[in-house]
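One letter stands for each residue in the lines below.
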Amino acid sequence: MEDSVDGDTGARKDLILDRINKRNKDRKNYLDVKLEQRSKETIQNEGVDFFAQTFGQRAYDIEKSILMLDMNSGDAPLPDLSKRLPEITLQIQELQRYLTASTMFLSDFKIKSCQNMLNALTSSNDEARQRLMPKKKFGFSGKKTAPKQKPLPVVVDGEPQDKKTPKKEQSGSNFTWTIANRRNAHIVLSADEVNGQDITISNLSQCLVELQGHPGSVQVSKASQCTLLCGPVARSFFAEQLDRCTVAIACQQLRLHSSHSTRIYLHVTCRAIIEDCKKIEIGEFNYDYPELEADYSASGLNKSQNNYTDVADFNWLSPDVHSPNWSLLKDHPAPNWNALRRDFLSNNNNYKDDNEEKEKTTII
Amino acid sequence: MGFLTVLKKMRQKEKEMRILLLGLDNAGKTTILKRFNGESIDEISPTLGFNIKTLEHNGYTLNMWDVGGQRSLRSYWRNYFECTDGLVWVVDSADRMRLDSCRQELQVLLEEERLAGATLLVLCNKQDLPGALNSNEIKEILHLDDITTHHWLVVGVSAVTGEKLLSSMDWLIGDIAKRIFTLD
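Residues numbered from 1 in each chain as written. Chains lettered and ligands numbered in written order. Predicted model: local features only at pLDDT ≥ 70, side-chain atom pairs only at ≥ 80, totals over all residues. Heavy atoms only, no water.

Under the annotation held in an unreviewed UniProt entry, chain B carries the name ADP-ribosylation factor-like protein 2 and is attributed to Drosophila pseudoobscura pseudoobscura. In its Sequence similarities (unreviewed entry) section, the UniProt entry covering chain B states "Belongs to the small GTPase superfamily. Arf family." (UniProt positions renumbered as here; feature names shortened; annotations may be inferred.)

An unreviewed UniProt entry lists chain A under the name Tubulin-specific chaperone C, with Drosophila pseudoobscura pseudoobscura as the source organism. Its UniProt record gives chain A a comment under Subcellular location (unreviewed entry), which states: "Cytoplasm". Comment text from UniProt for chain A, heading Sequence similarities (unreviewed entry), reads "Belongs to the TBCC family."

Structure, rendered in structure tokens:
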């Protein structure tokens, strides 16, 4: 009996011990979990700190390298500079990415201040680039320093004497047209002045304009009763407000706006579009001169591809009915440009004196 | 951090962005879109109407809307303003003749209420051309420094060479993403 009681108490004691042990273990586990949680939180805090530290360090490094650029600029060779600048730009971009990736655990204020820092870096980098490696400006800067030429009298005898006219100002929106404000003139730009350039023409009346060579692009604004002869244009021919003009042009794209009664002898490799136009007549390009073939290949235009019959009219969107604003020239003798030039010159001789008189008076 | 990354990835997956490409005609909007999407840019003709491209970039789904820039199409631009997250304004850097009208059109857009929240990226396209103005000059001409209503960035790019195109798009997407995150 006693034995059994002893055994019973022994078993109960074990049970209780077990339970106590288990509870102790649970408590320890619980503590461990809590500890882990707390350490996790500190890691997160460290993340913010770590970010601030890394970001600051990297921003400082970039700033320093921008400053270094300035100090070296005296004797640093150019290729070095051209390598360093993109490197810095890349670093800034990388930093931006780092900031963007970290936005999840940063406060709004921190994001904002870091972004401001980045913006400052970017602008100082840009500024350094502007100062140290200014983009090669396009223009006739040599001529700009020369004293201002008196406006030349209108050239009627067909020689490209008007070399001073294509003077392009780089500054601001008040740019200078390549050719502007002419009447009754025969204007010829030689291939040297034209090749690869953007030619801008404005406000012409009764002129014969010849662009030799292969321009990069041609823009015309306001021309009336003019003839424009032009070799292959690498990119686009853009014209607005043409009135009773004749144009012979080869180009990649033709865009014609607000024009009427104009005839275009066209070679277009991509597509021609017209907008707000009336009475536009389109014929196949037939202007020819000895260097045409070479100009085609230099401009990169495909001579065998001519989509001149496919003109899109933005004011006529019906695909079934042909636009009333333009038509193809049919059964029409192709113009003889040489004869046209001759006629123009002989007619113009009558105007010549009158014109020169006028020019003189304006100079005085 | 691991959990947060997963969360973030999940959120990014849901994120769709609507980006509107606008600018005058002949600025190169379609070329930029095609180049960005990795398509051939050899045969691009003036856009009659619009192009839409949906593409994945950096884990975002981008709905890119490229609307033609002809004058007769500009009055339709406002049909596309709704829910726009980013506005890409494409400038032909070589087209000095029309930079004034370019500025006016942009100003009209910026006053538009439905574009008020959009990030503005001005791309000075055609930097590969010899006569192109650089991004600083265009910033001056377009008076970009006066813009206080939008986040903006001006970058000189070339759709033909692809120069800086990707990095500027990354900026746009990053800026939109940041705004969406901080708003939540």
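Asks: Explain the interface of chain A and chain B to me, please; I cannot follow it from the model alone.
Replies: By a widespread convention, an interface's size corresponds to the accessible area lost as its parts come together. Taken together, the 44 residues of chain A in the interface contact 37 residues of chain B. Carbon and sulfur atoms make up 56% of the area that chain A and chain B hide from each other, which totals about 3,700 Å². Scanning the region where chain A abuts chain B turns up 2 salt bridges. In this structure, A:D276 engages B:R71 in a salt bridge whose closest nitrogen and oxygen atoms are separated by 3.6 Å. Where chain A touches chain B, the interface holds 8 residue pairs in polar contact (both at pLDDT 80 or more). Looking at the side of chain A that touches chain B residue by residue, the class counts come to 13 nonpolar, 20 polar and 11 charged. (Contact = heavy atoms within 4.5 Å. Buried area = accessible area lost by both parts, 1.4 Å probe. Salt bridge = Lys/Arg side-chain N within 4 Å of Asp/Glu carboxyl O. Polar contact = N/O pair within 3.5 Å; in protein donor to acceptor, adjacent residues only side chain to side chain. Nonpolar A, V, L, I, M, F, W, Y, C, P; charged D, E, K, R; others polar.)

Asks: Where do I start with the pairing of strand β6 (residues 152-156) of chain B in this structure?
Replies: Within a regular strand, side chains alternate between the sheet's two faces. Residue and element names in this part refer to chain B. Bridge count between strand β5 (residues 119-125) and β6: 5 bridges; the pairing is parallel. Bridge pairing links L123 to V155 in β6. Between the parallel pair β5 and β6, the chain is carried across by helix α5 (residues 135-141), and the sense of this crossover is right-handed. (Pairing = 2+ DSSP bridges. Helix = DSSP H or I, 4+ residues; strand = E, 2+ residues; numbered from the N terminus. Right-handed = clockwise from strand over helix to strand, strands pointing away.)

Asks: Any chance you could explain the packing of aromatic side chains here in plain terms?
Replies: By convention here, two paired aromatic rings are described through the distance between centres and the angle between planes. Residues and elements named next belong to chain A. Scanning the entire structure with this criterion turns up 10 aromatic pairs over all chains. Ring geometry for Y265 and W337: centres 5.4 Å apart, planes at 80 degrees, overall edge-to-face. Highlighted residues: Y265 in strand β8 (residues 260-275) and W337 in helix α7 (residues 337-363), separated in sequence by 72 residues. For Y265, a relative accessible area of 5% gives the class buried. The class of W337 is buried, set by a relative accessible area of 5%. Ring geometry for Y287 and Y289: centres 5.2 Å apart, planes at 50 degrees, overall tilted. Exposure remark for Y289: the relative accessible area of 14% places this residue in the buried category. One aromatic cluster in this structure is built from Y265, F285, Y287, Y289 and W337. We note R58 situated over the ring of Y98; from NZ or CZ to the ring centre the distance is 5.2 Å. (Phe/Tyr/Trp six-rings, centres within 6.5 Å; stacked < 30°, edge-to-face > 60°. Buried < 20%, exposed > 50% of the residue type's maximum accessible area, 1.4 Å probe, protein only. Lys NZ or Arg CZ within 6 Å of the ring centre and 35° of its normal.)

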